[in-house]
Amino acid sequence: MRIGILGTGHIGQTLVLKLSAAGHEVKVANSRGPETIGPDILASGGRAVTSAEAMKDVDVAVLSVPLNCVPNIAPLTAHLGPDTVVVDTSNYYPERDGHIDAIDSGQAESLWVALELDRPVVKAWNAIGSDSLSRLGTPAGSPDRLAIPVAADSEQDRRVGLTLVEDTGFDAVDAGTLSESWRQQPGTPCYCTDLTREEMPAALSAADPSRSPKRRDIAFAAVMERMNGSGARDPGADFLVRLNRTLFM
Ligand SMILES: NC(=O)c1ccc[n+]([C@@H]2O[C@H](COP(=O)([O-])OP(=O)(O)OC[C@H]3O[C@@H](n4cnc5c(N)ncnc54)[C@H](OP(=O)(O)O)[C@@H]3O)[C@@H](O)[C@H]2O)c1
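Residues numbered from 1 in each chain as written. Predicted model: local features only at pLDDT ≥ 70, side-chain atom pairs only at ≥ 80, totals over all residues. Heavy atoms only, no water.

A.B. asks: I would appreciate a short explanation of the packing of aromatic side chains in the present structure.
C.D. replies: The relative placement of two aromatic rings is captured by the distance of their centres and the angle of their planes. Overall, the coordinates contain two aromatic pairs when judged by the stated rule. Judged by centre distance (6.3 Å) and plane angle (50°), the rings of Tyr191 and Phe248 are tilted. One end of the pair, Tyr191, is in the loop between β8 (171-174) and α9 (200-206); the other, Phe248, is in helix α11 (residues 239-248), and 57 residues separate them in sequence. You can call Phe248 buried: its relative accessible area is 2%. The lysine or arginine in question, Arg226, covers the ring of Phe239, its NZ or CZ lying 5.2 Å from the ring centre. (Phe/Tyr/Trp six-rings, centres within 6.5 Å; stacked < 30°, edge-to-face > 60°. Helix = DSSP H or I, 4+ residues; strand = E, 2+ residues; numbered from the N terminus. Buried < 20%, exposed > 50% of the residue type's maximum accessible area, 1.4 Å probe, protein only. Lys NZ or Arg CZ within 6 Å of the ring centre and 35° of its normal.)

In structure tokens:
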């Protein structure tokens with residue numbers, strides 16, 4: 001497939017590498033211009049372009065930008081054809097993104113994104129930490145392969161989302177529609193807790209919308225306390241998964 005990716009951060013750079021390696025034709029952009037995208041990100045065949053070019057003539061557009069940048073990219077996605085599938089990796093952290101009243105009132109994050117962009121989106125790769133995404137993918141059929149939930153409203157969007165997640169080395173689990181996608185948001189049992197396909201359905205069912213925002217904010221505060229300030233120690237690659245399993249499951 002022809003794939004355009006916006007974002008070369010923790011998640012976007014790994015998606016460029018993995019989707020290119022899987023045989024897709026990948027273009028990628030960040031906010032600063034193609035000359036700032038290093039050869040390490042393009043090592044599997046991805047091509048650095050402007051953000052306008054990344055959103056032109058593609059079958060799939062992957063948005064891997066902070067949630068509060070989504071309104072800025074709406075003019076770019078407005079030029080996509082109706083058949084282009086838009087995949088959103090974003091998550092909402094009020095401390096980072098600023099308060100968004102609709103999401104604070106319970107609207108699923110990716111429904112808010114779909115409204116901002118005025119087109120349907122697929123929610124995928126949001127519920128895996130960047131370290132797990134880059135290190136823990138395995139070929140299909142591997143024992144204990146980790147899983148990633150995918151939510152979408154149309155069959156076509158769902159199929160594309162599930163296929164691409166599999167191409168990045170993870171079992172793709174159909175998590176239902178966008179209106180149910182709060183079940184895979186920060187603070188829920190499946191959120192960045194590195195579950196398998198067998199474990200995923202029970203985790204999605206156990207999500208509690210009244211508790212997950214509180215748990216999300218506790219986890220965010222714990223991460224900030226741990227990472228920031230003088231004398232901060234690197235808590236190790238699995239810190240987030242350990243923290244999230246303790247707080248969310
Ligand atoms: N980090 C994680 O473990 C994780 C896990 C799952 C989901 N997510 C979600 O996925 C999204 C991306 O996360 P991240 O950690 O990869 O973020 P990040 O490291 O902060 O990177 C964000 C990227 O978005 C780019 N960007 C911002 N505005 C843009 C625009 N108008 N056009 C093109 N590119 C633009 C930035 O460009 P510059 O490089 O030029 O600044 C940067 O490359 C977030 O919504 C996050 O919540 C993150």
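A.B. asks: Please clarify how the environment of Gly12 should be interpreted in this entry.
C.D. replies: By the element assignment, Gly12 lies in helix α1 (residues 12-21). Separated by 204 residues in the primary sequence, Gly12 and Arg216 have C-alpha atoms spaced 22 Å apart. For Gly12, the residues in contact, after removing those within four places along its chain, are Ile5, Gly7 and Ser64. (Contact = heavy atoms within 4.5 Å.)

A.B. asks: Help me out: how do you make sense of the nonpolar core in this one?
C.D. replies: Most often, soluble globular proteins have nonpolar side chains that are buried together. Counting 28 residues, the largest nonpolar core has Ile5 and Trp125 as its most contacted members. Secondary structure elements with two or more residues in this core: β1 (2-6), α1, β2 (25-29), β4 (60-63), β5 (85-88), β7 (147-150) and α8 (155-167). Excluding residues that lie within four positions of it along the chain, Ile5 makes contacts with Gly12, Leu15, Val16, Leu19, Val26, Lys27, Val28, Ala29, Ala54, Met55 and Val62. Judged by nonpolar contacts, the second largest core, of 26 residues, contains Leu6, Val49, Val65 and Val121. (Core = buried A, V, L, I, M, F, W, Y, C linked by side-chain atoms within 4.5 Å.)

A.B. asks: Explain helix α3 (residues 70-77) here, please?
C.D. replies: In an α-helix, one turn spans 3.6 residues, which is why side chains three or four residues apart end up on the same side. Taken as a whole, α3 has its buried residues at Val70, Ile73, Ala74, Leu76 and Thr77. Along the axis of α3, the buried positions cluster into a sector of 165°, meaning they face one direction only. Opposite its buried face, α3 presents the exposed residues Asn72 and Pro75, each directed more than 90 degrees away. Buried residues along α3 sit in contact with β1, α2 (51-54), β4 and α6 (109-117). (Arc of directions from axis to C-beta.)

A.B. asks: What's the story with the pattern of salt bridges in this structure? I'm lost.
C.D. replies: Side chains bearing opposite charge may pair, as long as their charged atoms lie close to each other. Evaluation of the coordinates by the stated rule reveals 15 salt bridges. Between Arg145 and Asp171 there is a salt bridge; the shortest N-O distance is 2.8 Å. Placement of the pair is Arg145 in the loop between α7 (130-135) and β7 and Asp171 in strand β8, with a sequence separation of 26 residues. (Salt bridge = Lys/Arg side-chain N within 4 Å of Asp/Glu carboxyl O.)

A.B. asks: Got a minute to help me understand the site of the ligand in this structure?
C.D. replies: Neighbouring the ligand are 24 residues, the closest being Thr8, His10, Ile11, Ser31 and Arg32. Here Val65 contributes a backbone N or O atom positioned 2.9 Å from an oxygen atom of the ligand. Within the side chain of Thr89, a nitrogen or oxygen atom sits 2.9 Å from an oxygen atom of the ligand. A total of 900 Å² of accessible area belongs to the ligand in isolation, and the protein chains cover 81% of it. Looking at side-chain class alone, the shell around the ligand contains eight nonpolar, 14 polar and two charged residues. (Near = heavy atom within 4 Å. Polar contact = N/O pair within 3.5 Å; in protein donor to acceptor, adjacent residues only side chain to side chain. Areas by Shrake-Rupley, 256 points an atom, 1.4 Å probe, with all protein chains shown as cover. Nonpolar A, V, L, I, M, F, W, Y, C, P; charged D, E, K, R; others polar.)

The values reported here are purely geometric and, on their own, carry no functional implication.
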